[in-house]
Every structure is written in C-alpha cells, then in structure tokens.
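Architecture at a glance
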Amino acid sequence: MGIFDDFTGSNFEAKDLLGQFFTIDLQDDGFTLSNADESVFEEVEWNEVNDVFYDDDHQTVNVELTGGKILVIKPSYSNYPQFLKSVPEKFPNFNREYVSEFYAELEGCFVCGMVAVHDELCENCGCGHYDPEIDGEEFATPEAYYKQMQLEYFELTVDPGTSKFFQRFSEWKPLITEDELDEYNESLE
Ligand SMILES: [Zn+2]
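In what follows, the accompanying structure is described. (Residues numbered from 1 in each chain as written. Predicted model: local features only at pLDDT ≥ 70, side-chain atom pairs only at ≥ 80, totals over all residues.)

Notes on the pairing of strand E5 (residues 61-65)
Summarising the sheet, strand E4 (residues 49-54) and E5 pair through five bridges and their orientation is antiparallel. Note that in E5 the partner of valine 52 across the bridge is valine 63. Counting the residues that bridge the hairpin from E4 to E5 gives six residues, and of these histidine 58 lies at a positive phi of roughly 60 degrees. Here E5 pairs with strand E6 (residues 70-73) via four bridges, running antiparallel. Across the sheet, residue glutamate 64 finds its bridge partner in E6, namely isoleucine 70. Between E5 and E6, which pair antiparallel in sequence order, lie four residues; one of them, glycine 68, sits at a positive phi of approximately 100 degrees. (Pairing = 2+ DSSP bridges. Helix = DSSP H or I, 4+ residues; strand = E, 2+ residues; numbered from the N terminus.)

Some thoughts on helix H5 (residues 142-153)
When the terminal C-alpha atoms of H5 are compared, their 16 Å separation across twelve residues agrees well with the 16 Å that a helix rising 1.5 Å per residue should span. All of the buried residues along H5 are Tyr145, Tyr146, Met149, Gln150 and Tyr153. The arc enclosing the buried residues of H5, seen along the axis, measures out at 135 degrees, which places them on a common side. Each element contacted by the buried residues of H5 is listed here: helix H4 (132-135). (Expected span 1.5 Å × (residues − 1). Buried ≥ 20, exposed ≤ 12 C-beta atoms within 10 Å, placed from the backbone. Arc of directions from axis to C-beta. Contact = placed C-beta atoms within 7 Å.)

Next comes the structure, spelled out in structure tokens:
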C-alpha cells in the first residue's frame, strides 16, 4: 500500500521520533496530512473512513480507513484542535468528552485573542507564548513581544473577530493602534 504504511506501526513511529512536523489541513469533506517537505502527503475523505477513535492515552486519534489502514493523529500536529472539532457526527466511537477536555486546557493567546494555545503555541495564529530565553534577546518585555506579533498577525484592523473553532480570550487587549498597524503595513511595501 506504499505510503500509507508510513502512518502505521513502527515506520511511522520512527519518523515521528525524528521530529517530523506534520500539518493537518481541513477540507469540506475530509483532510490532508503532510510533513514539511510533503514527502508524506495523504488526502482523506470522510466517506473513505470506517472509524475514528481515541488511543488509550485519550490524546492520539486513530482514523481507520475503509481498507483497514490506520492513520495516527497526534496532539503535536499542527491544527490538531481544529481536526478534533471536524470529525463528523457519524462516528459514534469518537469520544467527544475528550475533545471537550482538550479544549478546556487551552490557554488564551495575547496575540490573536483566541483561547487556542496548546504547548506554548497558538493553534489559531501560530505565535508562541513569550519565552524570556528565546524571545528575551530581541524583546525586553512580554508586552514588546506581543505588540510586534500583533503587528505581524493583524492585517487590516486590530480585531480578533470570530472563529469556528476557538472562543474569544476575555483578557485579550489590543497593544497596537489602527494607526500603528497602518504604518507597519506601509513600511512593508
Ligand atoms: Zn493566537
């Protein structure tokens, strides 16, 4: 079965341990799973899926295809929370209590204003929580860091808007003005 084997059993685990970074991209009727250089690229339609169920750890999700192969979806994969919410209702073995538990542990993002931070990284905007060891050299304070991230994240207006997947973060506040955003955008041209 070629490349599907990479997602099952020991081959797949070996790749994962090498630190391959996988991304899940959602489509209307399914999703794709790929690594950074797309040497692994799988396209799955929900109507080709037999079953979706959690592993014993209540974190890893197994997607069993009609041919019997199992794709392993891990919390470290980019867009994992969005994936959890996209599993169609027709899979009764997929325990949505664990989805709720996962979402309950997400933290608020000071950049984009959504409750979407998992393992120090925001799944909505891609920004990390301020880390003095990594960001401290360039940014003296968390506020300076978040300000720069807001300049880079927001496009036309400083407004988190709404998300299909994430709640608004009540403690979020704009650290930049609309004028500063305009100036920043002009400076990029
Ligand atoms: Zn964010």
